[in-house]
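# Structural overview for review
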Amino acid sequence: MCSSSSTARFRPFQETCTRNPIYMQALAVAQHVNTVVLKVHCSLPFRVLGVQYFISMTRPPKAQPSLLFRQLFEKESSTYTYLLADNAHPDRPAVLVDPVDKTAERDAALVEQLGLKLLYVMNTHVHADHITGTGILKNKIPEVRSAISRASGAKADLHLNAGEKIYFGNLYLEVRPTPGHTKGCVTYVTGEGPDQPSPRMVFTGDALLIRGCGRTDFQGGDASQLYNSVHSQIFTLPKDTLVYPAHDYKGHTVSTVGEELKLNPRLSKDEEEFKRIMKNLGLPYPKMIDVALPSNMVCGVQDPVAT
Ligand SMILES: N[C@@H](CCC(=O)N[C@@H](CSS)C(=O)NCC(=O)O)C(=O)O
C-alpha cells in the first residue's frame, strides 16, 4: 500500500535517482538481478536528509512452472524413482527415472491417475541391488521406450550418449556421463534456460548420494574415475541445483550441489583421500546382485508371466 503520510514529500523518479546514492545503489542491484523494477511511490519508506522517500520492488510476472515432479520410494532397496512431466503440454508427456520392479505397478497407476503420457523409462545405470521396473512398465504401457547409456552395454530401446537431450514436451533431461560406480553410469540434469525448471535438478543415480556416493568395488567401478566424474559433471552445476540420488539409507530426500561440495564426507576431500576412503568401505555385496545384474542387462523382466 502507498503511504498516506502527510509529511512525506515526493520527488520524481529521475531526480531521486540522480541525487541520491542510495537510490543509485538500489537501482544497480535491481538491474543486476534483472527481475526487479523500482518505483518511487509505494512500500518501504525511508528518510534521507529529512526527505521521506518510498521505494517498492515488483517482479514481472513469471512464466508458470510447467514441471510436474514426484519423488517415489521403494523401501526394500531404499531406491528413489522420479516421475517428471510437462504439465503445460496438452499431452502431459512424462519420463520415469530408475523404477523398481516391486513398485512398478504403483508407478504405472500414478501415471494413469495423473493423466500422463509416459514416453521413456530411463535408468541411470545397471543396478546391482534390485531389478529395474522398466520391463514391467513396458509391458503395461506398450508405447513406453526404455533408455540407458550406450556405455552400460545393456539392452534397451534407446542408448544414450553424452550431451544428448531427452525431451518430454518442452522440458528435457540432459545426459552427463558419470562413470566410476559402474562404467556406464550417467546423471540426468534438467534443462537450462528460462522455460526449464529453476533451480535445476540433477538425478545422480549412485554416482553421488546425499553425504555419500556409490561404491566402486564391482561392475567396473573405479574410485578415481568416480571422483573426477562427480567433480567435473555434477559439482560444476550451479550451487542451488537440487540433488536427487537413486538411493538413500538415512532418510534424506534431497540435497544441493553447494551442500554436497561442502558437506559430503567423501567427495569434499582430495582425490587421494577419497580413494583411501573408498578402498576401506568394507561393504558386503548387495543381496540381490546375482539376480539383479543379468536381469538389468536387458532392462528388467520382459515377460510378465515370468514375474
Ligand atoms: N545392503 C544393500 C546394498 C547397499 C549398497 O551396497 N548400496 C550401494 C548402491 S546399490 S549397488 C552403494 O553404492 N552404497 C554406497 C554406500 O556407501 O552405502 C543390499 O544388500 O542390497
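Residues numbered from 1 in each chain as written. Predicted model: local features only at pLDDT ≥ 70, side-chain atom pairs only at ≥ 80, totals over all residues. Heavy atoms only, no water.

## Concerning the sheet that holds strand β8 (residues 117-122)
Pairing in this open sheet of 6 strands is mixed, and the strands run β5-β6-β7-β8-β9-β10 from one edge to the other. If you trace the sheet from one side to the other, it starts and ends with β5 (67-74) and β10 (158-160), each paired once. Going from strand to strand, the sheet's axes swing by 25° on average, the running direction of each strand aside. Alignment of strand β9 (residues 145-149) against β10, held across 3 bridges, turns out to be parallel. Its bridge partner lying in β10, Ser-149 is registered against Leu-160. Strands in contact with helix α3 (residues 104-113) are β5, β6 (79-86), β7 (93-97) and β8; relative to β5, the strand with the most contacts, it is inclined by about 160°. (Pairing = 2+ DSSP bridges. Helix = DSSP H or I, 4+ residues; strand = E, 2+ residues; numbered from the N terminus. Axes fitted to C-alpha atoms, helices over the stretch in contact; angles between N-to-C directions. Contact = heavy atoms within 4.5 Å.)

## Things to note about the site of the ligand
Residues in close proximity to the ligand include Asp-129, His-181, Asp-206, Cys-213, Gly-214, Arg-215, His-247, Tyr-249, Arg-266, Leu-283, Pro-286 and Lys-287, which together make up its full environment. Between the ligand and the protein, one listed contact pairs an oxygen atom with a backbone N or O atom of Lys-287 at 3.0 Å. Notes on the ligand: free accessible area 530 Å², of which the protein chains cover 83%. Considering only residue class, the shell around the ligand consists of 4 nonpolar, 3 polar and 5 charged. (Near = heavy atom within 4 Å. Polar contact = N/O pair within 3.5 Å; in protein donor to acceptor, adjacent residues only side chain to side chain. Areas by Shrake-Rupley, 256 points an atom, 1.4 Å probe, with all protein chains shown as cover. Nonpolar A, V, L, I, M, F, W, Y, C, P; charged D, E, K, R; others polar.)

## As for unusual backbone geometry
Omega for the bond connecting Ser-198 with Pro-199 falls within 30 degrees of zero, at 0°, which places this linkage in the cis form. Even without being a glycine, Asp-98 presents a positive backbone phi close to 55°. Among the structural elements, Asp-98 can be located in the loop between β7 and α3. The exposure class assigned to Asp-98 is buried, which follows from its relative accessible area of 2%. Positive phi outside glycine occurs at Cys-299, with the angle close to 60°. With respect to the helices and strands, Cys-299 occurs in the segment after α8 (289-296). (Buried < 20%, exposed > 50% of the residue type's maximum accessible area, 1.4 Å probe, protein only.)

## What to know about the pairing of strand β14 (residues 201-205)
Counting buried positions over the 5 residues of β14 gives 5, a clear majority of the element. What you see with β14 is no split at all: Met-201, Phe-203 and Gly-205 on one side and Val-202 and Thr-204 on the other are buried throughout. As paired strands, strand β13 (residues 186-190) and β14 are joined by 2 bridges and run antiparallel to one another. When the sheet's bridge partners are listed, Val-189 is paired in β14 with Val-202.

## Regarding helix α5 (residues 223-234)
Under the 1.5 Å per step criterion, the end-to-end length of α5 is 16 Å for 12 residues, consistent within 8% with the ideal 16 Å. Among all positions in α5, only Ala-223, Leu-226, Tyr-227, Ser-229, Val-230 and Ile-234 are buried. Considered in projection along α5, the buried side chains sweep an arc of 165° and stay on one side of the axis. Those residues of α5 that are buried are in contact with β13, β14, β15 (208-209), β16 (212-213), α6 (257-263) and α7 (271-279). If you check the start of α5, you find a side-chain oxygen 3.0 Å away from the backbone N of Ser-224, and it comes from Asp-222. (Expected span 1.5 Å × (residues − 1). Arc of directions from axis to C-beta.)

Worth remembering: the numbers are spatial, not functional.
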